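Fold and contact review
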Amino acid sequence: MAINREVSAMSVNKVRVVDSHTAGEPTRVVIEGGPNLGGGSVAKRLERFRADCDRFRSGIVNEPRGSDVLVGALLCQPHDASCAAGVIFFNNIGPIGMCGHGTIGLVVTLAHMDRIGVGTHRIETSVGIVTAKLHDHARVTVSNVQSYRFASGVKLDIPGYGEVIGDVAWGGNWFFLVEARGVAVSADNTAALTSFAIQVRRALNASGVRGADGAEIDHIEVFGAPSKAGAHSRNFVLCPGLAYDRSPCGTGTSAKLACLFADGKLQPGEVWRQESVIGTLFEASFTVDEKSRDRVLPHITGEAYITGESTLIFDDADPLRWGIDRQA
């Protein structure tokens, strides 16, 4: 039989991934076939990833292989030898700093790969080193980066809703936290919540409201009354790429803890149960940073489950091999 030389000459690249979900929010960990980003800290390698690997990012998480809600995690060697792993998180529009649900998913993935066991492990992220305690095959507590409220009582005029008042806080990403106004925080109301959150984000940008050092506030956290007994609040978090978080959002819950502490509504060690818009739960508490008494060190507990192992194929003949990128 004659060999089709055109077919045999095609370049086909393969990337191995492990998929999981944390409280409903998916994470895709790249375990083999990722780009070589050289040495240095994870923060420095993230900047190389941002500058040189955007097609790879899009191909991993965007359609047709992924979806807007999927968060990617590039597993890499840590620069700090005390860490079990390094990780670069990214979503449908670009890299992101810290990801709470993604860290829980990463730790469960590392255990699934027999890379770690039950116990406490250090993970190097682009915004600093976090610790994660694996309790069993699914349950993980992430001790996040230092979190704090940056501004309180920020007033915005939202068309169709009037004046809203919220807080700006850091939990590994920048958040604007605002109580739901005229819209219920529930799974059957995500379209209206998305519309409201988009308008809040536009108002922040138009008003020049920013985080520290002029950072863009790219996460909007809308909160309301919980639906489950024992929960304290229910939230809807709109992520930078306009997908909403199915989980209660680890960095968003960290920002919430910082605001509660600043208002004197939650004390160190007290448990806060944060419900997501789909009804899943994170348990959270904090300790006070001894060096910065106005800042907290959040501890976020949730569960992740492995949903699949696969090999992604990037065929040079495929015109959509790098995904359908909303930035293209």
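Every value quoted in this text rests on a predicted model; they were computed, and no experiment measured them.

Attention now moves to the overall build of the chain. Each helix and strand in the chain was counted, giving six helices and 16 strands. In terms of C-alpha radius of gyration, the chain reaches 20 Å, essentially the compact-globule figure of 20 Å for 328 residues. Scored against the burial criterion, the 328 residues of the chain give a buried share of 52%. Pairs at least 24 residues apart make up 64% of the contacts formed inside the chain by residues separated by at least 6 positions. When the accessible surface of the chain is split by element, carbon and sulfur atoms take 48% of a total near 14200 Å². On the chain, the mean spot of the 32 positive side-chain charges and the mean spot of the 36 negative ones are 2 Å from each other.

Inspection of helix α2 (residues 42-52) places V42, R45, L46 and F49 among the buried residues, and these make up the whole buried set. For α2, the buried positions fall inside an angular range of 110° around the axis, keeping them on one side. For α2, the exposed residues lying more than 90 degrees away from the buried face are K44, A51 and D52.

Here we come to the nonpolar core. Counting 64 residues, the largest nonpolar core has L156, F176, V222 and F236 as its most contacted members. Aside from chain neighbours lying at most four places away, what touches V222 is V178, E179, A180, V185, L193, F196, A197, R234, N235 and F236. One finds L37, L46, C76 and F314 within the second-largest nonpolar core, a separate group that totals 18 residues.

Taken as a whole and judged by the stated rule, the model has nine aromatic pairs. The interplanar angle of 20° and the centroid separation of 6.5 Å between the aromatic rings of F56 and F314 together place this pair among those described as stacked. In this pair, F56 sits in helix α3 (residues 54-61) while F314 sits in strand β16 (residues 296-315), placing the two residues 258 residues apart along the sequence. Seen from their ring centres, Y148 and W174 are 5.9 Å apart, and the 90° between their planes marks the pair as edge-to-face. Of this pair, Y148 sits in strand β9 (residues 148-158) while W174 sits in strand β11 (residues 174-179), and the two are 26 residues apart along the sequence. With respect to class, Y148 is no different from W174; both count as buried. Three or more aromatic residues link up through ring pairs in this structure, and these residues are Y148, F150, W170 and W174. The ring of F314 carries the charged tip of R65 above its face, separated from the ring centre by 3.9 Å. K256 extends its terminal NZ or CZ atom over the ring of F223, reaching a point 3.5 Å from the ring centre.

Right, let's get into the pattern of salt bridges. This structure, assessed with the given rule, holds 14 salt bridges. Here E303 makes a salt bridge to R139, at a shortest N to O gap of 3.6 Å. Taken together, the positions of E303 in strand β16 and R139 in strand β8 (residues 139-143) put the pair 164 residues apart, joining distant regions of the chain. The class for E303 is partly exposed, based on a relative accessible area of 32%. According to the relative accessible area criterion, R139 is partly exposed, its value standing at 27%. R201 is paired through a salt bridge with E216; the nearest N and O atoms lie 3.9 Å apart. Taken together, the residues span a long stretch of sequence, with R201 in helix α5 (residues 190-207) and E216 in the loop between α5 and β12 (219-224) at a distance of 15 residues. One connected set of salt bridges, linked through shared partners, spans R139, R273, E283 and E303.

A few words on α5. The end-to-end C-alpha distance of α5, which contains 18 residues, comes to 25 Å, matching closely the 26 Å that a straight helix rising 1.5 Å per residue would cover. Taken together, the buried positions of α5 are occupied by T190, L193, T194, F196, A197, Q199, V200, R201, A203 and L204. Among the structural elements, β9, β10 (162-170), β11, β12 and β13 (233-238) are those in contact with the buried residues of α5. Downstream of α5 by one or two residues, G208 has phi in the positive range, about 75°.

With that settled, consider the environment of H121. By the element assignment, H121 lies in strand β6 (residues 119-125). Sequence separation between H121 and L242 is 121 residues; the distance between their C-alpha atoms is 32 Å. H121 has contacts with A84, I116, V130, T131 and A132, leaving out every residue within four places of it along the chain. Within the local environment of H121, its side chain forms a polar contact with the backbone oxygen of G117, the two atoms lying 2.7 Å apart.

Residue-level pLDDT values for the chain average 94, and 95% of them are 70 or greater. This stretch, residues 1-10, has a pLDDT under 50; its non-local contacts, to residues over four places away or in other chains, come to three contacts.

Burial runs high along β13: six of the six residues are buried. Judged by which residues are buried, β13 turns out to be covered on both faces: S233, N235 and V237 on one side and R234, F236 and L238 on the other are all buried. Of the pairings in the sheet, the one linking β12 to β13 comprises five bridges and is antiparallel in character. Across the sheet, the residue bridging to V222 is F236, located in β13. Pairing geometry for β13 and strand β14 (residues 272-275), over two bridges, is parallel.

Conventions we followed
- Residues numbered from 1 in each chain as written.
- Predicted model: local features only at pLDDT ≥ 70, side-chain atom pairs only at ≥ 80, totals over all residues.
- Heavy atoms only, no water.
- Helix = DSSP H or I, 4+ residues; strand = E, 2+ residues; numbered from the N terminus.
- Rg over C-alpha atoms; globule rule 2.2 N^0.38 Å.
- Buried < 20%, exposed > 50% of the residue type's maximum accessible area, 1.4 Å probe, protein only.
- Contact = heavy atoms within 4.5 Å.
- Areas by Shrake-Rupley, 256 points an atom, 1.4 Å probe, with all protein chains shown as cover.
- Lys, Arg positive; Asp, Glu negative; His and termini not counted.
- Charge placed at Lys NZ, Arg CZ, Asp CG, Glu CD.
- Arc of directions from axis to C-beta.
- Core = buried A, V, L, I, M, F, W, Y, C linked by side-chain atoms within 4.5 Å.
- Phe/Tyr/Trp six-rings, centres within 6.5 Å; stacked < 30°, edge-to-face > 60°.
- Lys NZ or Arg CZ within 6 Å of the ring centre and 35° of its normal.
- Salt bridge = Lys/Arg side-chain N within 4 Å of Asp/Glu carboxyl O.
- Expected span 1.5 Å × (residues − 1).
- Polar contact = N/O pair within 3.5 Å; in protein donor to acceptor, adjacent residues only side chain to side chain.
- pLDDT = per-residue confidence, 0-100.
- Pairing = 2+ DSSP bridges.

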